[in-house]
Amino acid sequence: MAFDYDLFVIGGGSGGVRAARLAAAEAGARVGLAEEYRMGGTCVIRGCVPKKLMVFASGYAGAMQDARAYGWDVAAGGFDWAVFRARLDAELDRLEGIYRGNLQKAGVEIFDTRAVLADAHTVRLADGTEKTARHVLVATGGRPFVPEFPGSEHVITSNEVFRFEALPKRILIVGGGYIACEFACILSGLGVKVTQYYRGAQILRGFDEEARGHIAGAMCDQGIGLRLGCNVQRIDRVADGLWVKATDGHDGVYDAVLYATGRVPNTAGLGLEDLGIGLKENGAVEVDGYSQTAVPSIYAVGDVTDRINLTPVAIREGAAFVETVFKGNPTRADHELVPGAVFTRPEFGTVGLSEEEARARGGVEVYATAFRPMQSGFAGREDRVLMKLIVCAHSRRVLGCHIVADHAGEMIQLAAIAIRMGATKDDFDRTVAVHPTMAEELVTLKAPVRTW
């Protein structure tokens, strides 16, 4: 059978674009790609990139306060959201253009439309046109999840937070994951009065317990109204905003309510189940170690598989797919020791085991320190940094590293290289400190604070 394409990709996010471009440019494949919204996916258009730019914007108020403590004669005016948003929109347009241009240079044919699966080798576009392909890659990503409750139609999600016409004066953020906590810190830094509800006992479930507590304390110190063990019962529109009835009795009125209560894979209506492709309870596509589904010609990468939902992981999975299918080099994407960062204020960088995960295995030592960093301490701020290493007591190998500090994301990237290479605590100890820095504490931790 003659196919229209060697590969057809459904989804123009990071994983899909990488796979399409590599298959076309490096393997000479005939590639088509369909994207129903904007090229670049969640990360570029409504996730990592605009969020990080908002993180930068939110830090300048504090930086100017510190500058005065260091002797600079500076005065901050009000934050102009309209100016920032115009620059933000222009930057996202620029990045989308780069993604689109790189695909076109590689020879990928782009369809700006929704596509679904018609059979194992056929995709159907929104206008009814059908395209055939030897292989199909599903890379449709995920979307925010909002539970249904009285008044749920009044809430926004992380998709809409970048589209405010004007910043709200009062916002309620519901959720305790990294997205909720990041936007709580961002909006608070931009001058918004932030309240955050989380139904659990502590924010950032799944991360190191000590780091979670450290960040929660820092958020409260910044004036964020963090309410744990609390959820929304109903929302009603009233004259001066949105009235929220809370489960703990602390009702309030807000200008906006942002729900960040998790994300679900974008698989609805794609036709996957009709072809016998397994889906997990949350709709994620079931794949093997090579990202192949139960239908041999159909693969899936990125957040739609709900493995590790991070942009660099999706990119690695897309590249591994091309190696496997088009270069004859069977390759599994490596999901071990993946570093990550949470862009709260201060940042949280993490790689490897948490103390709780390590404790369940036994035979580990915990090295940790918390201190006031030089820069903010001089300015009179009470910020505290946390540095933590989890070490195997037998092999001395470093099993995990957790940093809560300004620029923790930059630090954890470098620490992750050493840990990925199998560095031991003795290797850290033998490394000469760079002084004066925050990161030097990682190589000067001499005695364990806990053993398990």
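Small disclaimer: the values here were computed from a predicted structure and weren't measured.

Q: Kindly report on unusual backbone geometry, identifying the contributing residues and their values.
A: The linkage connecting Arg 345 with the following residue, Pro 346, adopts the cis geometry, with an omega of 0°. Assignment of secondary structure puts Pro 346 in the loop between β17 (340–342) and β18 (347–352). With omega at -5°, the peptide bond leading from His 435 into Pro 436 counts as cis. Not every positive phi belongs to a glycine, and Ser 291 is a case in point at roughly 70°.

Q: Please give an account of the pairing of strand β8 (residues 170–174) that cites residues and values.
A: Regular strands have side chains that alternate between both faces of the sheet. A large share of β8 lies buried, amounting to four of its five residues. Direction of pairing for β8 relative to strand β9 (residues 193–198): parallel, over a ladder of five bridges. In the strand pairing of β9, Leu 172 is matched with Thr 195. Assessed by its sense of winding, the connection that carries the chain from β8 through helix α6 (residues 178–189) to β9 is right-handed. Pairing of β8 with strand β14 (residues 256–259), which is carried by four bridges, proceeds in the parallel orientation.

Q: Hey, could you go over the pattern of salt bridges for me, with residue numbers and the actual values?
A: By the definition in use, this model includes 32 salt bridges. Between Glu 96 and Arg 38 there is a salt bridge, with its nearest N and O atoms 2.8 Å apart. With Glu 96 in helix α5 (residues 81–106) and Arg 38 in the loop between β2 (31–34) and α2 (41–46), this residue pair connects regions lying 58 residues apart in the sequence. Accessibility classification places Glu 96 together with Arg 38 in one group, the buried group.

Q: Describe the side chain of Ser 58, listing the residues and the values that go with them.
A: Residue placement: Ser 58 occurs in helix α3 (residues 48–58). In this structure Ser 58 comes out as buried when scored by relative accessible area, which is 6%. Aside from chain neighbours lying at most four places away, what touches Ser 58 is Ile 186, Gly 189, Leu 190 and Arg 345.

Q: Account for α6, with residues named and values stated.
A: For α6, with 12 residues, the first-to-last C-alpha span of 16 Å sits near the 16 Å given by 1.5 Å per residue. Gly 191 sits one or two residues past α6 and shows a positive phi near 100°.

Q: Would you mind going over the layout of surface pockets in detail, with residue names and values included?
A: If a probe as big as a water molecule is rolled over the atoms, it shows which places are left empty. Its volume calculated, the second largest pocket comes out at about 280 Å³. Every residue lining the second largest pocket is counted, 15 residues in all, and those nearest its centre are Phe 428, Thr 431, Ala 439, Leu 442 and Val 443. Every element with two or more residues in the lining of the second largest pocket is listed here: α11 (408–420) and α12 (425–430). Among the elements that line the lining of the second largest pocket, the one with the most residues is α11, at four residues.

Q: Outline the pairing of strand β5 (residues 122–125), listing residues and values.
A: Bridge analysis of strand β4 (residues 115–119) against β5 gives four bridges, and the strand direction is antiparallel. Each residue of the ladder has a partner; that of Ala 115, found in β5, is Leu 125. A loop of two residues connects β4 with β5, the two strands running antiparallel in sequence. With three bridges connecting them, β5 and strand β6 (residues 130–138) associate as antiparallel partners. Residue pairing for β6: Thr 122 is matched across the bridge by Thr 132.

Conventions adopted
- Just so you know, the residues in each chain are numbered from 1, in the order the chain's sequence is written.
- For a predicted model such as this one, the threshold for reporting local features is a pLDDT of at least 70, and the threshold for listing and counting side-chain atom pairs is 80 or more; totals across whole chains, interfaces and linings nevertheless cover every residue.
- Excluded from the side-chain calculations are hydrogens and water; all other atoms, namely the structure's heavy atoms, are used.
- The numbering of helices and of strands both runs from the N terminus, where a helix is a DSSP run of H or I of at least 4 residues and a strand a run of E of at least 2.
- A simple rule labels every residue: compare its accessible area, found with a 1.4 Å probe on the protein chains alone, to the largest value its type can have, and call it buried under 20%, exposed over 50%, or partly exposed in between.
- If DSSP finds at least two bridges between two strands, the strands pair.
- Crossover handedness is defined here as right-handed if the route from the first strand over the helix to the second strand goes clockwise, with the strands pointing away from the viewer.
- By salt bridge we mean one thing: a side-chain nitrogen of Lys or Arg within 4 Å of a carboxyl oxygen of Asp or Glu.
- Whether two residues are in contact is decided by their heavy atoms: any pair within 4.5 Å suffices.
- One less than the residue count of a helix, multiplied by 1.5 Å, gives the span that helix is expected to have.
- Within this scheme a cavity is a closed region of a 1 Å grid, computed over the protein atoms alone, that accommodates a 1.4 Å probe without allowing it to escape, whereas a pocket is open but has protein on both sides within 12 Å along at least five of seven lines; lining residues each have an atom within 4 Å of a point.
- Grid points are joined across faces, edges and corners, and a volume is the space filled by probe spheres set on the points.

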